[in-house]
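The primary structure of each chain is shown beneath.
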Amino acid sequence: MLRKVIDLRSDTVTRPSAGMLQAMLQAQVGDDVWGDDPSVLKLQTVLAEHCDKQAGLFFPSGTQSNLAALMAHCERGDEYIVGQLAHTYKYEGGGAAVLGSIVPQPIENAADGSLPIEKIAAVIKPHGPGLGAHFARTRLLALENTFNGQSLSLTYLREATTFAHSRGLATHLDGARVCNAAIAEGVSLAEICKGFDSISICFSKGLGAPVGSVLVGAQQFIDRAYRWRKVLGGGMRQSGVLAAACLYALEHHFERLEQDHANADRLAQGLKKIDFLQVSAHYTNMVFVKVLQEHCGPLEAALGTQGILAQIQPMTRLVTHLDVSTQEIDRVIAAIKQFFKA
Ligand SMILES: *Cc1c(COP(=O)(O)O)cnc(C)c1O
């Protein structure tokens with residue numbers, strides 16, 4: 001019998017389960033560019049309800065959902081405040097600037113992933129004639145949750161969004177993994193989304209769908225994002241096949257994220273007992289491990305021969321997800337132990 005590969009590189013690697021494939025097969029579909037796809041319409045409505053917003057919009061990727069959101073909030077020559085390490089700034093090819101003519105104003109993330117309010121305050125530029133004419137117009141604050149697996153506190157989210165609104169800024173949350181945050185905090189999505197004018201949520205991460213993100217916000221905002229989605233090439237036709245996978249994921253794979261968090265904790269506890277390694281942190285479904293440079297290549301190769309995929313680096317990130325069971329976590333711990341014994 002072929003042994004299943006244990007892939008800890010990311011939570012994006014999950015394959016659709018039998019139940020999910022069945023839901024996709026049975027999906028009612030139509031042409032979503034014509035607004036005719038009942039499964040897409042349902043997903044958008046259900047997500048908006050979950051997040052307590054007026055409307056939702058289905059996208060092929062989180063990158064496109066974030067970009068359309070930034071473009072719906074900001075006009076050409078506007079500026080958005082974002083973390084130096086944020087996905088929208090660092091890992092999306094500079095799309096806001098390249099395609100949106102939006103000026104990023106990055107500021108340093110605090111260790112917990114938050115953007116300190118005083119640092120946000122310090123970069124907001126004056127508007128209007130005179131001095132204000134010199135600057136790009138500061139329009140938006142973009143936060144990310146979870147950030148490298150860390151769930152931002154509700155208190156911080158309230159403070160930051162209230163402050164941004166008091167200074168006339170809109171607020172966007174890159175909530176690629178906001179469902180992990182909701183489970184970690186023990187609150188509803190709506191509770192986390194409260195202070196945000198828009199939230200982008202990925203279904204292709206821990207929720208285990210093959211493709212898809214949903215952007216939620218007020219109807220007028222979604223109307224603007226809808227136009228940008230078409231411009232960016234994200235209008236899809238019988239995408240109900242994909243929306244059905246996302247609806248299935250929401251129903252069957254949301255609460256169980258708790259299991260991924262428990263598995264990450266188990267992995268961290270197991271690895272802490274191994275000399276030569278240093279578990280530097282673990283949050284929600286991610287474990288961060290320091291590995292000596294000389295061990296990186298050999299350890300990655302040794303795990304590879306046992307069907308365990310991981311990118312071993314001086315700061316290694318291991319990610320748990322629905323295709324990794326608790327028994328498989330124990331196998332990973334045993335394999336790493338064995339490597340260092342040899
Ligand atoms: C994955 C991810 C995205 C979106 O990525 P896509 O691969 O385009 O779906 C956005 N933000 C964060 C924090 C992510 O992890």
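That block above? That's the structure.
Read on for a plain summary of the structure.

What counts and what doesn't
Residues numbered from 1 in each chain as written. Predicted model: local features only at pLDDT ≥ 70, side-chain atom pairs only at ≥ 80, totals over all residues. Heavy atoms only, no water. Buried < 20%, exposed > 50% of the residue type's maximum accessible area, 1.4 Å probe, protein only. Helix = DSSP H or I, 4+ residues; strand = E, 2+ residues; numbered from the N terminus. Pairing = 2+ DSSP bridges. Near = heavy atom within 4 Å. Polar contact = N/O pair within 3.5 Å; in protein donor to acceptor, adjacent residues only side chain to side chain. Nonpolar A, V, L, I, M, F, W, Y, C, P; charged D, E, K, R; others polar. Right-handed = clockwise from strand over helix to strand, strands pointing away. Lys, Arg positive; Asp, Glu negative; His and termini not counted. Salt bridge = Lys/Arg side-chain N within 4 Å of Asp/Glu carboxyl O. Contact = heavy atoms within 4.5 Å. Axes fitted to C-alpha atoms, helices over the stretch in contact; angles between N-to-C directions. Left-handed = near helix turned anticlockwise from the far one by under 90°. Parallel < 35°, antiparallel > 145°, perpendicular 65-115°, else oblique. Core = buried A, V, L, I, M, F, W, Y, C linked by side-chain atoms within 4.5 Å.

The element strand β10 (residues 286–291) is largely enclosed, with a buried count of five among its six residues. Taking the residues between adjacent antiparallel strands as the criterion, strand β9 (residues 277–283) and β10 are bridged by two residues, where Thr 284 takes a positive phi near 35 degrees. One ladder, built from five bridges, connects β10 with strand β12 (residues 315–319); its direction is antiparallel. Looking at β12, one finds that Phe 288 is bridged to Arg 317.

With that settled, consider the site of the ligand. The local shell around the ligand consists of Ser 61, Gly 62, Thr 63, Asn 66, His 87, Glu 92, Glu 144, Asp 174, Ala 176, Arg 177, Cys 202 and Lys 205. Residue Asp 174 places a side-chain N or O atom 2.6 Å away from a nitrogen atom belonging to the ligand. The contact in question runs from an oxygen atom of the ligand to an N or O atom on the side chain of Lys 205, over 2.7 Å. Of all the elements, helix α3 (residues 62–73) adds the most residues to the shell around the ligand, at three residues. In terms of residue class, the shell around the ligand is built from two nonpolar, five polar and five charged.

Here we take up the pairing of strand β5 (residues 137–144). Counting buried positions along β5 gives six out of eight residues, so the element sits mostly inside the fold. Across four bridges, the pairing between strand β3 (residues 78–83) and β5 is parallel. Within β5, the residue paired with Asp 78 across the bridge is Arg 137. The sheet contact formed by β5 and strand β6 (residues 170–175) spans five bridges and is parallel. Along β6, the bridge assignment pairs Leu 143 with Leu 173. Handedness of the β5-helix α7 (residues 154–166)-β6 crossover: right-handed.

Right, let's get into the side chain of Asp 174. Relative to the assigned elements, Asp 174 resides in strand β6. Buried within the structure, Asp 174 lacks any salt-bridge partner; Lys 205 is the closest side chain of opposite charge, at an N-O distance of 6.9 Å. At 3.2 Å, the side chain of Asp 174 and the backbone nitrogen of Ala 176 are in polar contact. Contact partners of Asp 174, with chain neighbours within four places excluded, come to Asn 66, His 87, Thr 88, Glu 92, Leu 143, Glu 144, Asn 145 and Ser 200.

This part takes up the packing of helix α2 (residues 38–51) against helix α11 (residues 240–252). The N-to-C vectors of α2 and α11 enclose an angle of 35 degrees; their axes lie 8 Å apart at closest approach. Here α2 and α11 pass one another in a crossing that is left-handed. Facing α2, whose interface residues are Ser 39, Val 40, Lys 42, Leu 43, Val 46, Leu 47 and His 50, α11 presents Gly 240, Ala 243, Cys 246, Leu 247 and Leu 250. The residue inventory of the contact of α2 with α11, partitioned by class, reads eight nonpolar, three polar and one charged.

Quick look at the packing of helix α1 (residues 18–25) against α11 now. The N-to-C vectors of α1 and α11 enclose an angle of 140 degrees; their axes lie 8 Å apart at closest approach. Of the possible angle classes, the one that applies to α1 and α11 is oblique. The crossing of α1 and α11 is right-handed. Each of Gly 19, Met 20, Ala 23 and Met 24 in α1 lies in contact with α11, whose residues at this interface are Val 241, Leu 242, Ala 244, Ala 245, Tyr 248 and Ala 249.

Right, let's talk about the nonpolar core for a bit. In this structure, Leu 43, Leu 47, Ile 120, Leu 141, Leu 143, Phe 203 and Phe 254 are the most contacted members of the largest nonpolar core, which totals 50 residues. It is α11 that contributes the most residues to this core, seven residues altogether. In contact with Leu 143, not counting residues within four places along its chain, are Leu 115, Tyr 156, Leu 157, Ala 160, His 172, Leu 173, Asp 174 and Phe 196.

Purely geometric stuff here, so don't read any function into it on its own.
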